[in-house]
Each structure stands twice: as C-alpha cells, then as structure tokens.
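# Examining the three-dimensional arrangement
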Amino acid sequence: MKNNFIERSIIGALSFLKESIFAEEYAARKGFLQSLDPRVKTVTFLLFIVQVLFIKNILILFCLYALCLFLAWLSKIDLIFFLKRTWIFIPLFSLFIALPAIFSIFTPGEALFAFKIAGLKFIITRQGLSGATLFITRVVTSLSFVILLSITTKHFELLRVLRIFKIPQVFVMTTGMCYRYVYLFVEVIENTYLAIKSRVGTSLHYKKGQSIVAWNIAFLWQRSYQLNEEVYKAMLARGYRGEPVVLNDFRMKARDLAWLFFALIIIVAIFYSI
Amino acid sequence: MNDTAFQLENVNFSYLGKYPALRNIDITIKQGQKISVIGANGSGKSTLLQMLDGLIFPDTGAIKAFGRELKESDFNDESFCRDFRKRVGLVFQNPDVQLFCPTVKEDIIFGPLQLGCGKREIEKRLEVILSILEIKDLLDRPPHQLSVGEKRKVAIASVLMIEPDVLILDEPTAGLDPLTTRHIMDLLIQANESGKTIITSTHDLHIVEEISDIVYVFGQQKCIVKAGEPDIILKDTALLEAHNLLHIHTHRHKDKIHIHPHLHLEHHLEE
C-alpha cells in the first residue's frame with residue numbers, strides 16, 4: 001500500500017494524540033510549576049486568567065505575559081515549543097477576527113496609516129489598532145496560562161483538582177476513564193492499521209479502502225460497547241455502587257504557600273491598578 | 001459451621017437468552033480449597049467466574065455463596081453487597097478492563113475505598129501489597145503505560161487490597177514471561193496457605209497441579225466433562241486432547257522426527 005493521504009492522516013493524528021495528550025513529558029520534569037500543589041497552581045492560574053479578561057492596560061498585560069514566559073522557563077519548558085504551542089492556531093485565528101477592527105470602517109478614530117487597494121481607501125486608526133492588540137494579547141496571555149497549566153500538571157492531578165471545585169465525582173471519574181480508554185483505542189487503531197498493511201501489501205482500490213475503514217469504525221464501536229460492559233462489571237466487582245469514593249491525599253508544602261502569597265500580591269496589585 | 005464457599009446446582013446461563021454459555025453446572029467449592037477450571041477458549045470458564053463473583057446470575061438452577069442463595073435483587077441491599085464484595089474478589093482476564101483509573105495507585109485503592117475502608121487501613125494494606133508484588137515504582141504511572149506483566153500484577157494487587165476470603169482469577173498467567181508467572185503462582189499458593197479460597201481458570205496446564213485440589217474440565221458444550229484431582233486429570237491425555245488442551249508436537253532428534261502429545265508436564269511427573 002502506498003503512503004497515501006489517509007495513511008499519513010491516520011499516523012499523524014495518532015502520533016499527535018500520543019505526543020500531545022499522553023506523553024506528559026513536561027509534567028514529569030523537575031521544574032518549578034511541576035513541584036507545586038496542583039490545587040494551588042490551578043487556583044492561582046485561574047485568578048490570573050480572570051484578571052487578564054479585565055485588564056485594559058496593555059503594559060500590565062505584557063507584564064503578565066512575561067511572567068508566564070518566565071514561569072515556563074523556570075519549569076524547564078522549551079520556550080520555542082511553548083511559543084509554537086501558544087501562538088499557532090487560536091491566536092492566529094483571533095488575529096483574523098480582530099483584523100477588520102483596526103480599520104476606520106469598524107473603529108473610527110485618529111488615523112495612523114492609510115492605503116488604497118483596487119481604488120478603495122483603507123485607514124488604520126490608533127483606537128482600532130490598540131483595541132486589536134489588546135484583544136490578541138489577552139487571547140495569547142490567557143491561552144499561555146492554560147497551556148502552561150496543562151503541560152506542567154499530570155492529567156490525573158488536573159482531574160483530581162476538579163474535585164475541589166465540587167464537580168460531581170461521577171463526572172470526574174468518567175472523564176478520567178475516557179482519557180484512559182482513548183489511549184487504548186488509539187493503540188487498537190494503530191495495530192489494526194498495521195495488520196491491514198501487512199496483509200494487503202500492494203496498493204488498494206479506493207472502494208476497498210473505504211469499505212475497510214467503514215468496517216474498522218464498526219469494529220471499534222462494537223469493541224467500545226463490549227469494553228463498557230466489562231469495565232462496569234469490573235467496577236461492580238470492587239464494590240462500586242453508583243457514587244465513587246475517592247481519597248484526598250493532597251499535601252501543601254512551604255513552597256506552595258510562598259507561591260500562593262506571591263501570586264496573591266500580584267493579583268491584588270493588578271486589581272487596584274485597573 | 002458451613003464451610004462451603006460456593007454451591008452451584010444445575011446452573012444454566014445464556015447470553016441474550018439465546019447463546020448458551022453454561023449448561024447443567026454442578027460444583028461445590030469448600031472454603032480454603034484450590035480449584036481450577038480448565039477448558040478451551042469459549043468453553044464458559046469466564047462466565048462461570050463472573051457468576052461466582054455475583055456479576056451475572058443463572059437463568060435456571062441455583063447458586064449459593066457461603067450458604068445463602070445468590071439472587072440479583074440481593075445486591076440492591078447495600079450491606080449484603082458490601083459484605084459479599086469484601087469476601088469475594090475477581091481478577092479479570094483482560095487487565096485493561098480492570099484498570100480503569102488514571103493512575104495505578106487510584107486503581108489499587110479503588111476497591112477498599114468503595115467498601116468503606118479507612119484511610120490508615122488503606123495505606124497500611126497498600127504498603128504491604130506494593131512490597132509483595134514489587135510494584136512501588138509504578139504507583140503514579142498511568143495503567144496504559146505498563147507492560148502486560150505489570151498490568152496483571154497491578155490488577156491482582158487491586159483485588160488483594162480488598163483482602164477477600166475467595167480469590168477468583170481468570171487466566172492470571174496468560175501472556176506472561178516465566179518469571180512473572182512464577183511470582184504470581186507463589187503469591188497464589190501463599191494466599192491459599194493463609195486460608196484463602198483460590199479459584200483459577202486457565203488453559204496453561206503447567207500451573208494446574210500447583211494451584212488445584214480439584215480440577216474441572218469444561219468442554220465446548222459449555223458443561224463440565226470431568227472433575228477430579230489434578231494428577232488424574234492431567235494423565236488423561238485422551239480427555240485433554242479431545243478438549244483442545246494438548247496438542248500433537250513434532251520435533252527432530254538426531255535426524256529422526258518424533259511425534260507425540262505435548263503436555264509440557266514431563267519435568268513435573270519425573271519428580
């Protein structure tokens with residue numbers, strides 16, 4: 001079988017899933033944020049994000065973004081990787097959304113720069129440009145905090161943090177199981193694909209290819225249905241009765257308190273400056 | 001005192017009411033016994049184990065556990081359900097089914113937490129089990145990152161944590177390397193010596209003699225074709241061959257081709 005578009009897409013999507021969601025490479029490093037209690041880290045980051053939404057002064061926003069990058073550096077995150085991860089897609093997408101706002105048609109005000117395209121005159125206004133910059137910086141800063149939190153915290157710890165926000169335990173557990181079994185299915189898809197490849201050997205007519213893919217989807221659905229029943233039995237076998245009980249074994253350390261204190265000072269200072 | 005752990009009388013069970021999985025099963029298991037259930041794939045072994053664990057119930061016939069008849073409605077009673085789950089633990093055939101939590105630690109402590117065990121008691125049990133199974137390093141890892149042997153050890157740990165009187169294991173050594181198999185075998189023998197009832201389904205005939213006082217052979221008709229002590233069952237090559245438990249082996253010795261039934265037991269029989 002040739003290296004066709006579907007093959008590349010499947011392999012690309014699966015390896016992206018494995019690397020980005022399951023690898024937890026950065027969460028395992030011994031950096032600053034990794035050493036913090038996930039509850040303290042989540043709460044302080046959430047407070048930062050809420051503040052980012054209300055800050056109107058772009059300089060303060062830049063300072064918060066700089067703090068985010070500094071924390072990434074302290075946590076042994078490769079900055080190129082971090083910038084790529086935070087700038088590609090969502091901020092670029094928001095840039096396209098914000099782009100029209102810089103022109104005088106949408107945001108009237110003091111003209112900064114004017115140009116003509118196909119006889120039409122476009123004027124970029126100071127108010128438009130600063131509004132768009134504020135919007136993009138907000139998106140990038142809040143997204144950077146979210147990504148920094150997710151890559152420096154193991155997924156199971158993030159799930160456990162949800163408990164302190166009183167999110168029903170059944171929901172937290174279902175999310176955890178979903179995460180756990182998506183990996184299993186990623187492996188099933190990979191192995192099934194390799195098994196097909198090893199037996200087909202030559203290029204395949206696209207109709208046959210479609211039929212194989214359709215059968216695989218059906219097989220995967222059936223497999224997940226069976227697994228669902230079996231897992232439920234395994235839960236019942238160990239005493240599950242519809243409301244899972246969990247152990248709360250978080251422990252606050254001096255470092256957590258120091259970070260909490262520092263973050264609260266920044267948050268209060270920003271609050272009074274806006 | 002009633003020393004019977006399980007008693008099945010003329011039990012029949014079918015999936016969706018039309019695919020028979022067990023036919024006319026009569027079994028009595030005493031407390032502290034070692035029982036193994038052998039048979040080819042699809043002969044009903046796993047179904048039987050799930051029934052013993054109160055996860056499925058007979059269509060006809062009766063199953064008694066510790067002298068009391070087991071009915072589905074009994075499990076709506078919280079105290080009965082909790083008591084039964086504390087006394088009987090099942091290790092599933094597929095560890096991916098059993099390990100559903102995000103980390104090994106959460107999986108291991110899931111059972112005792114649901115069954116109302118205190119935090120200190122859980123920590124104490126955890127310490128002991130981790131050292132017995134040598135899995136301390138795996139505690140914070142997600143189960144999907146483990147090897148098959150590690151997954152199986154964690155699955156066994158998750159059931160041992162409950163400290164059940166009856167330990168039911170569905171093919172505990174399938175796909176394991178010889179050393180891990182030996183480790184698990186020793187663990188089961190030790191558990192039995194401490195008074196636990198061990199019920200194992202397997203088609204690995206290497207391990208049957210050590211983990212059985214009585215062996216039940218299941219046939220493709222989903223019924224028991226023979227029951228008896230392991231040495232008698234394992235010598236009945238015709239029976240084992242008829243039920244896909246032994247195969248004809250061909251190999252070459254000094255330019256001569258030998259053909260004989262392959263049981264993998266000769267080294268045990270010589271002792």
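From a predicted model like this one, the values you see are computed outputs, not experimental measurements.

Analysis parameters
Residues numbered from 1 in each chain as written. Chains lettered and ligands numbered in written order. Predicted model: local features only at pLDDT ≥ 70, side-chain atom pairs only at ≥ 80, totals over all residues. Domains from an automatic or database assignment. Pairing = 2+ DSSP bridges. Helix = DSSP H or I, 4+ residues; strand = E, 2+ residues; numbered from the N terminus. Axes fitted to C-alpha atoms, helices over the stretch in contact; angles between N-to-C directions. Buried ≥ 20, exposed ≤ 12 C-beta atoms within 10 Å, placed from the backbone. Core = buried A, V, L, I, M, F, W, Y, C linked by C-beta atoms within 7 Å. Contact = placed C-beta atoms within 7 Å.

### With respect to the domain arrangement of chain A
- Taken as a whole, chain A is organised into domain 1 (1-24 + 167-243) and domain 2 (29-153 + 249-274).
- A separation of 35 Å is found between the C-alpha centroids of domain 1 of chain A and domain 2 of chain A.

### Considerations on the sheet that holds strand E3 (residues 34-39) of chain B
All names here are of chain B.
- Pairing is mixed in the open sheet, where six strands are placed in the order E6-E7-E8-E3-E9-E10. Unpaired on one side and paired on the other, strand E6 (88-91) and strand E10 (224-228) mark the two borders of the sheet. The average angle at which neighbouring strand axes cross in this sheet is 15 degrees, direction not considered.
- Bridge count between strand E9 (residues 214-218) and E10: four bridges; the pairing is antiparallel. When the sheet's bridge partners are listed, Phe218 is paired in E10 with Ile224.

### Here we look at the pairing of strand E1 (residues 111-117) of chain A
All names here are of chain A.
- With zero of seven residues buried, E1 lies mostly on the surface of the structure.
- Note: E1 against strand E2 (residues 120-125), six bridges, orientation antiparallel. In the sheet register, Lys116 faces E2, and the bridge partner there is Lys121.
- Two successive antiparallel strands, E1 and E2, enclose a turn made up of two residues, where Ala118 displays a positive phi of approximately 50 degrees.

### Description of the environment of Gln127(A)
- Along the chain, Gln127(A) falls in helix H6 (residues 126-152).
- When the C-alpha atoms of Gln127(A) and Thr107(A) are compared, they prove to be 6.8 Å apart, with 20 residues separating the residues in sequence.

### With respect to the nonpolar core
- With 71 residues, the main nonpolar core has Val91(B), Val159(B), Met161(B), Ile168(B) and Ile199(B) as its most contacted residues.
- For this core, the element with the highest residue contribution is helix H6 (residues 148-160) of chain B, accounting for six residues.
- Other than its neighbours up to four places away in sequence, Met161(B) contacts Ile108(B), Ile109(B), Gly111(B), Pro112(B), Arg125(B), Leu126(B) and Ile129(B).
- Counting residues in each nonpolar core, the second largest holds 20 residues, with Tyr26(A), Cys68(A), Leu71(A) and Ile151(A) among its members.

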